[in-house]
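# Examination of the molecular architecture
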Amino acid sequence: MNQNEGNLKISGFTYNQTTIMKAVAILSIMLHNLLHKITPLVDCENEFVFNSSFVHSFFSSLADKPGEFLNIFFSYFGHYGVQIFILLSGYGLAVSFTKKTKSWGCFMVGRLKKIYSMMLAGAIAFFLLKLVTNCSFLTDGNWRSLGLKFVFASNFMGNEWYTICGPWWFFGLIIQLYLFFPLFYKLIRKHGLSAFVTLSLVSYAYLYICAYTRLVDNSINLKCFIGHTPEFCLGILLACKNEIKGDISVFILAITSFVLGNFYKWAFLLTFLSVAYISVFLFVVMIRHSRSFRWFKKPMLTIGKYSTALFIIHGMFRWAFSTIANTRMDAGMTILLAIIFVILSIILAISTDALYKWIYDKLNRIIKIG
C-alpha cells in the first residue's frame with residue numbers, strides 16, 4: 001500500500017474491511033430511518049425525490065438548533081448508506097465470480113435462496129412483534145403486502161413501498177440488480193472502465209428522460225435497478241481491477257457533484273454515484289491509517305456481522321421511539337433514544353440472524369444448486 005502521484009492505493013478490500021463498511025452503512029441507514037421522522041427535520045432529504053428547499057431546511061435547522069446536530073445530520077445524509085450496500089453487493093459478487101464463474105441460473109438460485117431466507121426470517125419477526133406489541137395477527141392487507149414483497153413487485157407500486165417494514169423496498173431493487181449482474185460483470189471484466197461508463201450513461205439517459213420529459217410519465221422510480229446501476233457497476237469495476245485507487249482529483253469531482261446535486265435538480269441524479277466513490281476514497285484513507293482507528297475496529301466488526309439481520313428488523317419498531325422523541329422534543333432525549341434503538345436492534349438482530357441462517361441452511365439442503 002503506497003501513495004503515488006496523488007493516488008492512494010490498496011490491493012483490494014478484505015473481508016473484515018467490507019464488514020466494517022457494512023457496519024457504517026447499516027448504522028447510517030438505521031439512524032436515518034429513525035431520526036428523519038423526528039423534528040426538526042422531518043422527511044426533508046433528497047433521497048427518492050429532489051427538492052432544492054430541503055438543503056436550505058438542513059442549514060436553517062442547524063443554525064436554529066445546533067444541539068440537534070446528530071439528529072439533523074443523519075436525517076439528511078443517513079440514507080446514503082444504501083449506496084455503500086449497493087457498491088459492496090457489486091464488489092462482493094464480482095470477487096466471488098472471479099474465483100468461480102457460475103451459470104446465470106445457478107447464480108440466481110443461490111441469490112434467491114439468500115433473499116428468501118432473509119424475507120422469511122423478517123416475516124416471522126414481523127408476525128411475532130405484531131403479536132407481542134398489538135396482540136393481533138396478520139391482516140389481509142399484511143398478507144397481500146407480504147405476497148407482493150415475495151414476488152419483488154412492491155417497489156413498482158407506490159402504495160406498497162413502505163408496507164410491512166419500510167426498508168424492505170430494497171429487496172426488489174437488489175434482486176433486479178442480481179438479474180443483470182452476470183451481464184454487467186462480463187462486460188466490465190472484458191472492457192473495464194469503458195463498459196462501466198457506457199452502462200452508467202445508459203442508466204442516466206433513462207433517468208434524465210424520466211425527469212425532464214413526459215415520455216415516461218415525468219417520474220423517476222429510484223427504488224428500481226435502473227436508478228442505482230452506476231453504483232453497482234462501480235463495485236464490479238473495483239473488484240475487476242488489481243488495485244483500488246483513491247484518486248484525489250476524482251474525489252474532488254465527486255464532492256463537487258454531490259454538493260451541486262443537493263442544490264440543483266440537473267445534478268441530483270449524480271449524487272448517488274458521487275457518494276459511492278466518496279465512500280471508497282474515505283475507506284481507502286481509513287485503511288491506510290488503520291492504526292489510528294484500532295478502537296473502531298472491534299465494535300464495527302460486530303455490528304457488520306449482523307448487518308443483514310439489522311436491516312431486516314430495525315424498521316419494524318422505530319415508530320415507537322420516534323413517537324416518544326417527538327413528544328419530548330429534547331435533543332438529549334433524542335440521542336438517548338437513538339442509542340437505545342440501536343442497542344435493542346442489535347439484540348433482536350442476533351436472534352433474527354440465527355433464524356435467517358437456520359432457514360438458509362434448510363433451503364440449501366432442499367435446493368442443492370446455487
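One structure accompanies this document, and this report is about it. These figures come from a predicted structure and were not determined experimentally.

### Regarding the overall build of the protein
- For the protein, the helix and strand inventory stands at 16 helices and three strands.
- When the 370 residues of the protein are sorted by exposure, 52% land in the buried category.
- Taken as a whole, the protein presents about 17700 Å² of accessible surface, with 66% of it coming from carbon and sulfur.
- Treating the 33 positive side-chain charges of the protein as one cloud and the 15 negative ones as another, the clouds have centres 13 Å apart.

### Digging into the layout of surface pockets
- Quantified by volume, the largest pocket comes out at close to 1200 Å³.
- For the largest pocket, the lining is made up of 38 residues, of which Lys-22, Arg-111, Lys-114, Met-118 and Thr-308 are closest to its centre.
- Elements with a minimum of two residues in the lining of the largest pocket: α1 (15-35), α4 (81-99), α5 (104-134), α7 (169-191), α13 (294-305), α14 (307-313) and α16 (331-366).
- Among the elements that make up the lining of the largest pocket, the one with the highest residue count is α4 (nine residues).
- Grouping the amino acids of the lining of the largest pocket by side-chain chemistry returns 20 nonpolar, 11 polar and seven charged.

### With respect to the packing of aromatic side chains
- Across all of its chains, the model carries 40 aromatic pairs by this definition.
- Relative to Phe-258, the ring of Tyr-80 has its centre 5.3 Å away and its plane inclined at 75°; by these criteria the two rings are edge-to-face. One end of the pair, Tyr-80, is in the loop between α3 (69-77) and α4; the other, Phe-258, is in helix α10 (residues 248-263), and 178 residues separate them in sequence.
- For Tyr-80, a relative accessible area of 5% translates into the label buried.
- Classification of Phe-258 as buried rests on a relative accessible area of 14%.
- By the ring-pair criterion, three or more aromatic residues cluster together here, those being Phe-50, Phe-58, Phe-59, Phe-69, Phe-73, Phe-74, Tyr-76, Phe-77, Tyr-80, Phe-258, Phe-268 and Phe-272.
- It is Lys-223 that lies over the ring of Phe-48; its NZ or CZ is 3.3 Å from the centre.

### Observations regarding a nonpolar patch on the surface
- On the surface, Phe-59, Tyr-212, Ile-255, Val-259, Phe-263, Tyr-264 and Trp-266 cluster together into a nonpolar patch covering about 690 Å² of accessible area.
- If you tally residues by element for the nonpolar patch, the top one is α10, at three residues.

### Details of empty space enclosed by the protein
- Per the stated rule, a full pass over the model turns up one cavity of 30 Å³ or more.
- What the largest cavity holds in volume is close to 50 Å³.
- The wall of the largest cavity is formed by Glu-47, Phe-48, His-79, Val-82, Gln-83, Trp-169, His-228 and Phe-272.

### Section: the nonpolar core
- Core analysis: the largest hydrophobic core is formed by 111 residues, its most contacted members being Phe-13, Ile-115, Trp-168, Phe-170, Phe-181 and Ile-236.
- For this core, the element with the highest residue contribution is α7, accounting for 12 residues.
- Each residue touching Trp-168, except ones within four places of it in the same chain, is listed here: Met-119, Gly-122, Ala-123, Leu-146, Lys-149, Phe-311, Ile-312 and Met-316.
- Among the nonpolar cores identified, the runner-up in size contains eight residues, and Cys-44, Val-55, Leu-62 and Ile-72 belong to it.

### Examining the side chain of Ser-345
- Mapping Ser-345 onto the fold places it in helix α16.
- Apart from the residues lying within four places of it in its own chain, the contact partners of Ser-345 are Met-30, Leu-310, Ile-313, His-314 and Phe-317.

### Topic: helix α12 (residues 271-288)
- Relative to the 26 Å expected for 18 residues at 1.5 Å per residue, α12 spans 25 Å between its end C-alpha atoms, a close match to the ideal helical length.
- A large share of α12 lies buried, amounting to 14 of its 18 residues.

### Regarding the pattern of salt bridges
- If you walk through the whole model with that rule in mind, you get five salt bridges.
- For the salt bridge of Glu-160 with Arg-144, the shortest nitrogen-to-oxygen distance reads 2.6 Å. Separated by 16 residues along the polypeptide, Glu-160 in the loop between α6 (140-150) and α7 and Arg-144 in helix α6 bring together distant segments of the chain.
- Given the relative accessible area of 5%, Glu-160 is considered buried.
- Using a relative accessible area of 45% as the deciding quantity, one classes Arg-144 as partly exposed.
- In this structure, Glu-243 engages Lys-245 in a salt bridge whose closest nitrogen and oxygen atoms are separated by 3.8 Å.
- On the basis of relative accessibility, which here comes to 37%, the residue Lys-245 falls in the partly exposed class.

Cut-offs used in this document
- Residues numbered from 1 in each chain as written.
- Predicted model: local features only at pLDDT ≥ 70, side-chain atom pairs only at ≥ 80, totals over all residues.
- Heavy atoms only, no water.
- Helix = DSSP H or I, 4+ residues; strand = E, 2+ residues; numbered from the N terminus.
- Buried < 20%, exposed > 50% of the residue type's maximum accessible area, 1.4 Å probe, protein only.
- Areas by Shrake-Rupley, 256 points an atom, 1.4 Å probe, with all protein chains shown as cover.
- Lys, Arg positive; Asp, Glu negative; His and termini not counted.
- Charge placed at Lys NZ, Arg CZ, Asp CG, Glu CD.
- 1 Å grid on protein atoms, 1.4 Å probe; cavity = no way out; pocket = protein on both sides within 12 Å on 5 of 7 lines; lining within 4 Å.
- Points joined across faces, edges and corners; volume = space filled by probe spheres on them.
- Nonpolar A, V, L, I, M, F, W, Y, C, P; charged D, E, K, R; others polar.
- Phe/Tyr/Trp six-rings, centres within 6.5 Å; stacked < 30°, edge-to-face > 60°.
- Lys NZ or Arg CZ within 6 Å of the ring centre and 35° of its normal.
- Patch = residues over 30% accessible without salt bridge, like charges linked within 9 Å, V, L, I, M, F, W, Y side chains within 5 Å.
- Salt bridge = Lys/Arg side-chain N within 4 Å of Asp/Glu carboxyl O.
- Core = buried A, V, L, I, M, F, W, Y, C linked by side-chain atoms within 4.5 Å.
- Contact = heavy atoms within 4.5 Å.
- Expected span 1.5 Å × (residues − 1).

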